[in-house]
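Commentary on secondary and tertiary structure
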Amino acid sequence: MRHDVVFVVGVGWLAVQLLVIVVSVARARNALERLVATDVGVLVLVGLLALVAARDGRSYALDAALALAVLAFVSTLAAGRYLGDRRPFEQPEQPEAGP
């Protein structure tokens, strides 16, 4: 019984956080603010999946949370690099050495 109350409170709190994050993505002024808000939203979803995995005692939700966290990390790095210098996967050009 007590664990169900903790689960419901946790899910409710994460749902409120997710709603605030959706509003902040909609109100973001630039792409960097949207990127950060989206990354935080994915972390809240990972927490929600972890809660579900803990309640059910099954590992599929935890596997999904882990995969989502890895994908979010890689996509945030790629998007941040793209927004920083507009070249996501190329190495910066090196000046040629003089004689």
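If you're wondering where the values come from, they're calculated on a predicted model, not measured in any experiment.

Quick notes on the rules
- Residues numbered from 1 in each chain as written.
- Predicted model: local features only at pLDDT ≥ 70, side-chain atom pairs only at ≥ 80, totals over all residues.
- Heavy atoms only, no water.
- Helix = DSSP H or I, 4+ residues; strand = E, 2+ residues; numbered from the N terminus.
- Buried < 20%, exposed > 50% of the residue type's maximum accessible area, 1.4 Å probe, protein only.
- Contact = heavy atoms within 4.5 Å.
- Areas by Shrake-Rupley, 256 points an atom, 1.4 Å probe, with all protein chains shown as cover.
- Axes fitted to C-alpha atoms, helices over the stretch in contact; angles between N-to-C directions.
- Parallel < 35°, antiparallel > 145°, perpendicular 65-115°, else oblique.
- Nonpolar A, V, L, I, M, F, W, Y, C, P; charged D, E, K, R; others polar.
- Expected span 1.5 Å × (residues − 1).
- Polar contact = N/O pair within 3.5 Å; in protein donor to acceptor, adjacent residues only side chain to side chain.
- Phe/Tyr/Trp six-rings, centres within 6.5 Å; stacked < 30°, edge-to-face > 60°.
- Lys NZ or Arg CZ within 6 Å of the ring centre and 35° of its normal.
- Salt bridge = Lys/Arg side-chain N within 4 Å of Asp/Glu carboxyl O.
- Patch = residues over 30% accessible without salt bridge, like charges linked within 9 Å, V, L, I, M, F, W, Y side chains within 5 Å.
- pLDDT = per-residue confidence, 0-100.

**Notes on the overall build of the chain**
The helix and strand inventory of the chain stands at three helices and zero strands. Starting at the N terminus and ending at the C terminus, the chain contains elements arranged as α-α-α. Looking at the chain residue by residue over its 99 residues, the buried ones come to 15%. For the chain, the proportion of contacts with a sequence separation of at least 24, taken over those separated by at least 6, is 42%. As presented, the chain carries roughly 7,700 Å² of accessible surface, and 67% of it is formed by carbon and sulfur atoms.

**A closer look at the packing of helix α2 (residues 31-56) against helix α3 (residues 60-85)**
Their axes nearest at 8 Å, the elements α2 and α3 cross at an angle of 170°. With respect to α3, the element α2 is oriented roughly antiparallel. For the pair α2 and α3, contact is made by A31, L32, L35, D39, V42, L45, V46, L49, A50, V52, A53 and D56 and by Y60, A61, L62, A64, A65, L68, A69, A72, T76, A79, G80 and L83, respectively. Looking at the contact of α2 with α3 residue by residue, the classes come out as 20 nonpolar, two polar and two charged.

**A word on α2**
Between its first and last C-alpha atoms α2 spans 37 Å; for 26 residues at 1.5 Å apiece the expected length is 38 Å, and the two agree. Of the residues that open α2, the one with a side-chain oxygen 3.4 Å from the backbone nitrogen of L32 is N30. One or two residues past the end of α2 sits G57, with phi positive at roughly 75°.

**As for α3**
Under the 1.5 Å per step criterion, the end-to-end length of α3 is 38 Å for 26 residues, consistent within 8% with the ideal 38 Å. Among all positions of α3, only A61, A65 and A72 are buried. The secondary structure elements touched by the buried residues of α3 are α2. With its phi angle positive at about 60°, R86 sits one or two positions after the end of α3.

**Some points on the packing of aromatic side chains**
Under the definition given, this model contains zero aromatic pairs. We note R55 situated over the ring of F7; from NZ or CZ to the ring centre the distance is 4.5 Å.

**A short note on the pattern of salt bridges**
Counted under the stated rule, the structure contains one salt bridge. The salt bridge partner of D56 is R55, with a shortest N-O separation of 3.2 Å. Classification of D56 as partly exposed rests on a relative accessible area of 31%.

**Examining a nonpolar patch on the surface**
Taken together, the side chains of L66, V70, F73, V74 and L77 make up a nonpolar region of the molecular surface, amounting to roughly 510 Å² of accessible area. Note on placement: L77 falls in helix α3.

**What to know about the confidence of the model for the chain**
Per-residue confidence for the chain gives a mean pLDDT of 84; residues scoring 70 or more make up 86%. Confidence scores differ between elements of the chain, with α3 showing the lowest mean pLDDT of 87 and helix α1 (residues 2-27) the highest of 89.

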